[in-house]
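So the chains spell out like this:
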Amino acid sequence: QVQLVESGGGLVQAGDSLRLSCAASGPTSRAVIVGWFRQAPGKERGFVAAINRSGGWTSVADSVKGRFAISRDVRNNIVHLQMNTIESEDTAVYYCAARYACSANDCSDPSYDYWGQGTQVTVSS
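Residues numbered from 1 in each chain as written. Predicted model: local features only at pLDDT ≥ 70, side-chain atom pairs only at ≥ 80, totals over all residues. Heavy atoms only, no water.

Caption draft 1: Spotlight on the pattern of salt bridges. All told, the structure shown has five salt bridges when counted by the stated rule. Put simply, Asp-90 and Arg-38 hold a salt bridge, and the shortest N to O gap is 2.8 Å. Residue Asp-90 is located in the loop between β8 (78–83) and β9 (92–99), and its partner Arg-38 is located in strand β4 (residues 33–39); the two are separated by 52 residues in the primary sequence. With respect to burial, Asp-90 and Arg-38 carry one shared label: buried. The salt bridge involving Arg-67 is made with Glu-87; its shortest N-O contact spans 3.7 Å. Of this pair, Arg-67 sits in the loop between β6 (58–60) and β7 (68–73) while Glu-87 sits in the loop between β8 and β9, and the two are 20 residues apart along the sequence. Looking at Glu-87, the relative accessible area reads 35%, which means it is partly exposed. Through salt bridges that share partners, Arg-38, Arg-67, Glu-87 and Asp-90 make up one connected network. (Salt bridge = Lys/Arg side-chain N within 4 Å of Asp/Glu carboxyl O. Helix = DSSP H or I, 4+ residues; strand = E, 2+ residues; numbered from the N terminus. Buried < 20%, exposed > 50% of the residue type's maximum accessible area, 1.4 Å probe, protein only.)

Pasting the structure below:
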């Protein structure tokens, strides 16, 4: 009931900024919590950030805190991941995901119900 489409990935240089977008659609898409995860080659998929349906609550992984920010355009139902001061370690496929409920403690686990196809971010140093 929720479709997610990511966009905004690409090849950037270390120190650059990039904004990823996740467009959500479907009959229940405005009722979901949206998270961003990333997976680098040979590594497990890891949590980046999450935001609730109103945009009033967010969570950002310690590894990117201070550099990445998540926001939600409620009107257009798009969730953005603003990535600043990008580092080579940020190279990964970035996925957005959606679920209907989670607590502050478990929104970071990958037990989301819906996933996008992913967008590649490659950082050159």
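Past the structure itself, the notes keep going.
Caption draft 2: Focus on the layout of surface pockets. In this structure, the largest pocket encloses a volume near 160 Å³. Taken together, Arg-38, Gln-39, Ala-40, Lys-43, Glu-44, Gly-46, Ser-88, Glu-89, Asp-90, Thr-91 and Ala-92 form the lining of the largest pocket. For the lining of the largest pocket, a count of residues per class yields two nonpolar, four polar and five charged. (1 Å grid on protein atoms, 1.4 Å probe; cavity = no way out; pocket = protein on both sides within 12 Å on 5 of 7 lines; lining within 4 Å. Points joined across faces, edges and corners; volume = space filled by probe spheres on them. Nonpolar A, V, L, I, M, F, W, Y, C, P; charged D, E, K, R; others polar.)

Caption draft 3: Just unusual backbone geometry, in detail. Within the chain, Asn-77 stands out as a residue other than glycine whose phi angle is a positive 60°. When you line up the elements, Asn-77 lands in the loop between β7 and β8. Under the relative-accessibility criterion, Asn-77 is labelled buried at 4%. Residue Thr-85 is not a glycine yet carries a positive backbone phi of 45°. By the element assignment, Thr-85 lies in the loop between β8 and β9.

Caption draft 4: Up close: the packing of aromatic side chains. Evaluated as defined, the whole model comprises six aromatic pairs. Their ring planes at 70° and their centres at 5.7 Å tell us that Phe-37 and Phe-47 sit as a pair that is edge-to-face. Here Phe-37, found in strand β4, pairs with Phe-47, found in strand β5 (residues 46–51); they are 10 residues apart in sequence, far enough to count as distant. By relative accessible area, Phe-47 is classed as buried at 16%. Seen in terms of ring centroids, Tyr-100 and Tyr-114 are 6.0 Å apart; in terms of plane orientation they differ by 90°. Their pairing is edge-to-face. You can see Tyr-100 sitting in the loop between β9 and β10 (114–115) and its partner Tyr-114 sitting in strand β10, a full 14 residues away along the chain. Tyr-100 sits in the partly exposed class, given a relative accessible area of 30%. Take Tyr-114: its relative accessible area is 16%, and that puts it in the buried class. (Phe/Tyr/Trp six-rings, centres within 6.5 Å; stacked < 30°, edge-to-face > 60°.)

Caption draft 5: The state of the cysteines, seen in detail. Counted according to the given criterion, the structure contains two disulfides. One disulfide in the model links Cys-22 with Cys-96; its S-S distance is 2.1 Å. Taking the sign of the S-S torsion, about 60° here, the bridge from Cys-22 to Cys-96 comes out right-handed. One end of the pair, Cys-22, is in strand β3 (residues 18–25); the other, Cys-96, is in strand β9, with 74 residues separating them in the sequence. Note on Cys-22: relative accessible area 1%, which makes it buried. (Disulfide = S-S within 2.5 Å.)

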